[in-house]
Amino acid sequence: MPPAVGNPRFGRLRRHPVLSVVAALVILSGLLLGGRWGYGRLFPPSLTCGTGMTATGTPLACAGVNIDSAPFTSHEPARMRELEKLVKSANDGVKGPYTSIVLMLDLSPISDVDTLTYDSLYPNIEGALTAVWRANNTAAYGSTPAIKLYLANMGSQYGSWAETVARVKEHASAEHISAVVGLGQSTEQTRQAAAAISAQLHIPVIGSTVTGNSMNTDPGDPAGKKQIVDMFRVSPTNSDSVTAANQYVSTLHPAVGSLAVVADSVTGDDYTQTLAVDAKSRFRAPNRTVTVLPYTSPNDLPAGSGRQDYLVQQFNLMHANLCQAAPSVVYFAGRGRDLGAFVENWVQGPPCGIAQLHILAGDDASESIHDKAVLNGIASGRVTVAYTALASPDEWGKECPGSDAKHNYDQFWTAFTGRPDPCTGQPLTADKDVATLSFDPADLGSGQAMLTHDAAVAGISAARRDAVGLKNPGLETGILHQFYCAQMLPGASGWLSFGSDGNPAGKPTPVVQLGADGSARTAALTWPDGSPNLSLPQRGGKGAPGC
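Below or above, wherever it landed, is the structure these notes cover. Positions within a chain are numbered from 1, following the residues in the order the chain's sequence is written. Local features in this predicted model are restricted to residues whose pLDDT is 70 or higher, and side-chain atom pairs enter the listing and the counts only when it is 80 or higher, whereas totals over whole chains, interfaces and linings include all residues. As a convention, hydrogens and water are excluded, and side-chain values are obtained from all of the structure's heavy atoms.

## Considerations on the packing of helix 10 (residues 339-348) against helix 11 (residues 372-380)
If you want to describe how two helices pack, look at the angle between their axes and the distance between the axes. How we decide: Angles here are taken between N-to-C directions and fall from 0 to 180 degrees, while the axes themselves are lines fitted to C-alpha atoms, restricted in helices to the stretch in contact. Numbering of helices and strands starts at the N terminus; helices are DSSP runs of H or I of at least 4 residues and strands are runs of E of at least 2. Take the far helix as the reference: if the near one is turned anticlockwise from it by less than a right angle, the crossing is left-handed, and if turned clockwise, right-handed. Residue contacts follow a heavy-atom distance rule, with two residues in contact if any of their heavy atoms lie within 4.5 Å. When residues are grouped by polarity, Ala, Val, Leu, Ile, Met, Phe, Trp, Tyr, Cys and Pro land in nonpolar, Asp, Glu, Lys and Arg in charged, and all others, Gly among them, in polar.
Put simply, helix 10 and helix 11 touch, their axes get as near as 8 Å, and they point 35° apart. By crossing handedness, the relation of helix 10 to helix 11 is classed as left-handed. Contacts between helix 10 and helix 11 involve Leu 339, Gly 340, Val 343, Glu 344 and Val 347 from the former and Ala 373, Val 374, Gly 377 and Ser 380 from the latter. Along the lines of polarity and charge, the residues of the contact of helix 10 with helix 11 split into five nonpolar, three polar and one charged.

## Here's the deal with the environment of Ala 260
Under the convention used in this document: Residue burial is assigned from relative accessible area. The probe radius is 1.4 Å, only protein chains are included, and a residue is buried under 20% of its type maximum, exposed over 50%, and partly exposed in between.
Counting through the fold element by element, Ala 260 comes out in strand 8 (residues 258-264). Among the residues examined, Ala 260 registers a relative accessible area of 0% and is labelled buried. For Ala 260 and Phe 283, which are 23 residues apart along the polypeptide, the C-alpha to C-alpha distance reads 9.5 Å. Sequence-distant contacts of Ala 260, that is, excluding residues within four places in its chain, are made with Thr 291, Leu 293, Leu 322, Pro 327, Val 329, Val 330 and Tyr 331.

## Examining the side chain of Lys 507
Basically, it comes down to this: Only four residue types enter the charge count, namely Lys and Arg as positive and Asp and Glu as negative; His and the chain termini do not. For salt bridges, the criterion is a side-chain nitrogen of Lys or Arg within 4 Å of an Asp or Glu carboxyl oxygen. Polar contact criterion, stated in full: a pair of N or O atoms within 3.5 Å, where within protein one must be able to donate a hydrogen and the other to accept it, and residues adjacent in sequence count only if both atoms are side-chain atoms.
Inspection of the secondary structure puts Lys 507 in the loop between helix 14 (476-480) and strand 13 (509-514). Of the buried charged residues, Lys 507 lacks a salt bridge, with Asp 454 as the closest side chain of opposite charge at 5.0 Å. At 2.5 Å, the side chain of Lys 507 forms a polar contact with the backbone oxygen of Val 234. With near-sequence residues (within four places) excluded, Lys 507 lies in contact with Val 234, Pro 236, Leu 451, Ser 493, Gly 494, Trp 495, Leu 496, Trp 527, Pro 528 and Asp 529.

## Considerations on the pattern of salt bridges
Applying the stated criterion across every chain, the model contains 11 salt bridges. For Asp 92, the salt bridge goes to Lys 88, with nearest N and O atoms at 3.4 Å. Linking Asp 92 with Lys 88, this pair stays in helix 3 (residues 78-92), spanning four residues, or about one helical turn. The partner of Glu 163 in a salt bridge is Arg 167, and the shortest N-O contact between them spans 2.5 Å. Residue Glu 163 and its partner Arg 167 are located together in helix 5 (residues 161-171), separated by four residues, close to a single helical turn. For Glu 163, a relative accessible area of 26% translates into the label partly exposed. Given a relative accessible area of 18%, Arg 167 falls into the buried group. Look at the salt bridges and you will find they share partners, linking Arg 79, Glu 126 and Asp 443 into a network.

## Quick notes on unusual backbone geometry
For the bond running from His 253 to Pro 254, omega is 0°, close enough to zero to count as cis. Note on placement: Pro 254 falls in the loop between helix 7 (238-249) and strand 8. Cis peptide bonds are those with omega within 30 degrees of zero, and the linkage from Cys 400 to Pro 401 qualifies with 5°. Here Gln 157, not a glycine, exhibits a phi torsion of approximately 55°, which is positive. On the secondary structure map, Gln 157 appears in the loop between strand 4 (146-153) and helix 5. Despite not being glycine, Asn 287 has its phi angle at roughly 65°, a positive value. Its location among the elements puts Asn 287 in the loop between helix 8 (270-282) and strand 9 (289-295). In this structure Asn 287 comes out as exposed when scored by relative accessible area, which is 76%.

Given below as structure tokens:
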């Protein structure tokens, strides 16, 4: 065989080891880049996100601020797409100077993992759209600048909150973002998101259904006393809700002599934690026994792992202790999505001498309005279910003309539905020749549309009272603090008045009774702050918070 002939180029490389390493790295980089390019061509990603968003999580969802009103997931319900298109159409119609409100929620919930559903999300988006429509087309909240609305997704269990805050910050200047509203549930993730927005953007964060007592305290403060500077909310706190529940329980006949608190002890959920703490103390009264029955809901189950089955097992074990306590009323201090497992276990479990169990819950029970297990339990006659709502469409009654607060609600209702005013019979008057909204009145049942509308109204009103708001929206926090006494804002859920801590003052808490058909009716209207707040005060008079 002839001797091997060496390649002179390789010989030179062997004599220059540094050059050899560089050449190898260049070749390897080319292979990697080419491989990634080729893989991307052969196997394109299953989800393409619009401007302002990034695909993340399992299953994939687009997190961030939705500048283009693109889908958040590849399997979104048709109704979600319709609402996203409505947002885009409204934004496209805005001409001239504008400011933007961002509605930030978990907009890609996973079934049996998240304790909210798409059905519970829709009213939030509709409420925000109604506030923007009224601002742009009526004289309800001034006239300029025009208002745009953007939806922002924090992902399942709010796990992508940091990515979402970063994207809002990235687009804040170009889109004139002046406030973030919504936030959703009272979890540690949403509290961190609120603190980050305040620290990084210095703009108002206005919670619509955020009720946890600690939600407006900075998570970075070990003492838990430092407030999030720009944090406001339009819903009562959990302490207010438990006070309202106790006011209601105290009116029941016969008097409630035994009450059980079914308390979720899961960590990281400010809603259930603070609700349970207040319930354990505030229901105590002379001649009343209070028994605490704890359980622990899962906080890290993957998709399809069966949250309902997990909880049914715990409630099954709780059954004997509940029978032993023999309560007149059970206060359910847990998530509304978990109430079905509790009711199902009680109805299908062995009887123990309690003919009918009266269940009272916190505001998150609005998530169970369409829960079949809850509705079937009510239909069986074995349980009744009521909850302290944050708002209710019939809380102001039906009498015409009614209070000023009812007039404010009727104006909202007319804009939300596109129908004539229920008291005057007059059609909605708009400044321009534009199409009216036509949302289903049934979507008002949970009260969430009313609260998200009010949160957006607060942000819009602050932006329009800030002469330099388009250049420095951070000044609007000071303006929000001026909304009290004679400067209260007309909201759908009541007059909007903020205390120095950003919490609402003088807000009512309706107690809502659920029917077996999914209906919800206000059984009582309570005022945890004391006296009713139905009208603006007379000149020099009292009667409103801060006066």
